[in-house]
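# Per-entry structural report
Chain by chain, the residues run as shown.
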Amino acid sequence: MVQARQRYLGHGFYAPVADALTARVLQLNLGSVLDAGCGEGYYLRQLVDGAETEQIPLKAAGLDISKWAVMAAARGEQRLTWLVASNAAIPLADASVDGVVCVFGFPVAGEFRRVLRPGGHLLTIDPGPDHLVELKQIIYSDIKAKPVYQPMPESSFELISEQVINFPIGLRTNDLVQDLLIMTPHLYRASSAGRARANALDNLNLTVDMRLRTYRC
Ligand SMILES: C[S@@+](CC[C@H](N)C(=O)[O-])C[C@H]1O[C@@H](n2cnc3c(N)ncnc32)[C@H](O)[C@@H]1O
């Protein structure tokens, strides 16, 4: 899964998502950021590149429960601190970071609140209702409308902004379709017939639909 995500993200399909996250972090003037559930570090690297380009000082650390993901992230990337740990027990001091980023991750409100300094910000990115809808139409016989996913309980953080990130992409090889399938939960949820239909594709137009939310603690 780590390798599939590295290949897929390396093609730049989600570059507009990384750009939106980077712009928001820089706009909020966050001096230190923890990416909680950083995977192989794609978004954090883009963020640090963006801060360097703008000559804005930024201390950044990436944390993931998967040692394979963190090893992939740390390889060749000396600017950042990488941690193998769980969001349920973050190895950082209380009130020690200005921002926590959680992209398609597993947020733990109490721990995020503990490590954030008072007035700090939590930025989450999660799928919107139309995310990869064309893939879902291929692999599921029946798509049920789901309520919009809200990553944080209203009582724990104040939601201060929500940005819709919506754009089309086109996968033009079977390998790319396979990589996308491997990095989404759909591969495991689909029926064998649905998987077979997707596995046969070498061309797939998709909607990327995500929500970038900013919370204050
Ligand atoms: C869907 S991936 C997203 C990775 C990355 N943020 C991205 O968007 O490319 C979810 C990540 O959360 C990590 N993860 C799962 N449970 C976790 C936990 N309790 N604490 C920290 N990371 C966790 C997984 O290992 C995986 O890398």
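Whatever comes next refers back to the structure up there.
Reading the values: rules and limits
- Residues numbered from 1 in each chain as written.
- Predicted model: local features only at pLDDT ≥ 70, side-chain atom pairs only at ≥ 80, totals over all residues.
- Heavy atoms only, no water.
- Core = buried A, V, L, I, M, F, W, Y, C linked by side-chain atoms within 4.5 Å.
- Buried < 20%, exposed > 50% of the residue type's maximum accessible area, 1.4 Å probe, protein only.
- Contact = heavy atoms within 4.5 Å.
- Phe/Tyr/Trp six-rings, centres within 6.5 Å; stacked < 30°, edge-to-face > 60°.
- Lys NZ or Arg CZ within 6 Å of the ring centre and 35° of its normal.
- Near = heavy atom within 4 Å.
- Polar contact = N/O pair within 3.5 Å; in protein donor to acceptor, adjacent residues only side chain to side chain.
- Areas by Shrake-Rupley, 256 points an atom, 1.4 Å probe, with all protein chains shown as cover.
- Helix = DSSP H or I, 4+ residues; strand = E, 2+ residues; numbered from the N terminus.
- Nonpolar A, V, L, I, M, F, W, Y, C, P; charged D, E, K, R; others polar.
- Pairing = 2+ DSSP bridges.
- Axes fitted to C-alpha atoms, helices over the stretch in contact; angles between N-to-C directions.

Formed by 52 residues in total, the largest nonpolar core has its most connected members in Y14 and L171. Here L171 is in contact with Y8, F13, L176, V177, L180, D202, N203, L204 and L206, once residues within four sequence places are set aside. By size, the runner-up hydrophobic cluster in this structure holds 18 residues, among which are V97, V115, L122 and M152.

Here the focus is the packing of aromatic side chains. One pass over the full model with this rule turns up four aromatic pairs. Judged by centre distance (5.2 Å) and plane angle (75°), the rings of Y8 and Y14 are edge-to-face. An aromatic cluster is defined as three or more aromatic residues linked by ring pairs; in this entry it consists of Y8, F13 and Y14. Against the face of W68 rests K67, its NZ or CZ located 5.0 Å from the ring centre. Looking at R113, its charged tip hangs above the ring of F157, at a distance of 5.1 Å from the centre.

Surveying the vicinity of the ligand reveals 16 residues, the closest of which are R5, G37, D64, N87 and V103. Between G37 and the ligand, the recorded distance is 2.7 Å, taken from a backbone N or O atom to a nitrogen atom. Within the backbone of V103, an N or O atom sits 2.8 Å from a nitrogen atom of the ligand. Protein contact buries 82% of the 600 Å² of open area that the ligand shows by itself. Among the elements of the structure, α1 (2–10) and β2 (59–64) are those that each provide at least two residues to the shell around the ligand. Of the residues that constitute the shell around the ligand, the class distribution is nine nonpolar, five polar and two charged.

Spatial strand order, β3-β2-β1-β4-β5-β7-β6: seven strands in an open sheet with mixed pairing. Each edge of the open sheet carries a strand with a single partner, namely β3 (81–84) and β6 (158–171). Within this sheet the neighbouring strands show an average axis-to-axis angle of 20°, counted without direction. With seven bridges joining them, strand β5 (residues 116–127) and strand β7 (residues 204–216) adopt antiparallel strand pairing.

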